[in-house]
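One letter stands for each residue in the lines below.
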Amino acid sequence: MMIWVLMFVLAVASLGLLIEPFLRARHVAEPLDEEDYLAAQIADIACDREAGLISADEAATAEKEARRRLLAAHRAAEKATTKTGGKPALYAAMALTALAPLAAFVLYGVLGNPAREETAAGQELAVRARAQMAADMSTDDRAQMISGMVQGLAARLEENPDDLEGWTMLARSYTVMEDYEKSADAYARAIMLSPEDPALHMGRVQALVSANVVKGEPFDQQTEEAIAMLAALDQDHPFALYFQGVAASQRGDADAARDYWSRLVAMMPEDAPERARIVEMINAL
């Protein structure tokens, strides 16, 4: 806040220097030249009268006209001085001094980025900077930096729970960190916002399966329910068929496992390496 106050004061001071000439009372050259000329003319009339070049009546008439013009010129000069200086000019200058920086700050508030919100260019620059920093870090420092970034994202999502992209990014980040349970939870939050997206269901199934594998346990009920939710979107989804077969095999239901995997094999190209492996799994039932 202090920096904005300082900038405002500096702006006012700068404008004050710029408008200072407007505050001065300027003397208009032409009216002053006319006054000098008329004063000299009156003196010449007096000289001509004393020299006998003109009569006293003619001198009086000429001097009267010259003095009238001199008075008019003097009043015109005073009026011009008042217009170019004095209170009206002072008020205008003060208004300019105050409104110019205020207008600048208003324009910045409308067109600028006073709230320091993230922009696409700023996000890209930040990503590049973090990538360069990560490349120069040790493995432990890199892991600590990533953990801090993920924690920050999680905190922001608690304040903005409707951010689908944010939850998806958080889920993938937890997967990279091999925190599969938190990844599954983040995918669940994303699925609440987009329940028809198969990719989110696939991500959640993969996270739950990985968590079971790490524990050395068969698929638990939550994992099987996640697989069933994916299959409900598409009963021929390859990912769902494969893990439905695994779950059935773990339960000892060889017929169900054979059915799921056979349907999957029928969808796969003949030369696919994965196809041969699944055929081996079917034969081993």
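Here goes a summary of the coordinates provided. (Residues numbered from 1 in each chain as written. Predicted model: local features only at pLDDT ≥ 70, side-chain atom pairs only at ≥ 80, totals over all residues. Heavy atoms only, no water.)

## Details of the nonpolar core
Taken as a class, soluble globular proteins show a tendency for nonpolar side chains to be buried jointly. Threshold: Nonpolar cores are built from buried Ala, Val, Leu, Ile, Met, Phe, Trp, Tyr and Cys residues. Side-chain atoms within 4.5 Å join them into one set. The buried label goes to any residue with under 20% of its type's maximum accessible area, the exposed label to any with over 50%, and the partly exposed label to all in between, with areas taken from a 1.4 Å probe on protein chains only. Per the convention used, a helix needs a DSSP run of H or I reaching at least four residues, while a strand needs a run of E reaching at least two, with both numbered from the N terminus.
Within the largest apolar cluster, 24 residues are counted, with the highest numbers of intra-cluster contacts made by V205, F219, Y242, F243, W261, L264 and I278. Of all the secondary-structure elements, those providing two or more residues to this core are α9 (198-215), α10 (221-233), α11 (238-250), α12 (254-267) and α13 (273-283). The leading source of residues in this core is α11, at six residues. Among the nonpolar cores identified, the runner-up in size contains 13 residues, and L153, L157, L170 and A190 belong to it.

## Quick look at α13
Where we set the bar: Here the arc refers to the directions that run from the helix axis out to each C-beta atom. Residue contacts follow a heavy-atom distance rule, with two residues in contact if any of their heavy atoms lie within 4.5 Å.
Residues of α13 that are buried: R275, I278, M281 and I282. Axial view of α13: buried residues confined to an arc of 120°, hence all on one face. Projecting away from the buried face of α13 at angles above 90 degrees are the exposed residues P273, E280 and N283. Where α13 is buried, its residues meet α11 and α12.

## Considerations on unusual backbone geometry
If you check the backbone angles, E178 has positive phi at about 60° while not being a glycine. By the secondary structure assignment, E178 is in the loop between α7 (164-176) and α8 (180-193). Residue E178 is classed as exposed on the basis of its relative accessible area, which comes to 58%.

## A closer look at α12
One full turn of an α-helix is made of 3.6 residues, so residues set three or four places apart face in the same direction. In plain terms, the rule: Each residue after the first adds 1.5 Å to the expected span of a helix.
Across its 14 residues, α12 extends 20 Å between first and last C-alpha, which sits within 8% of the 20 Å expected from 1.5 Å per residue. Looking only at α12, the buried set comprises A256, A257, W261, L264 and V265. All buried residues of α12 fall inside an arc of 165° around its axis, so they share one side. Turned more than 90 degrees away from the buried face of α12, the exposed residues are D255 and A266. Contacts made by the buried residues of α12 are with α11 and α13.

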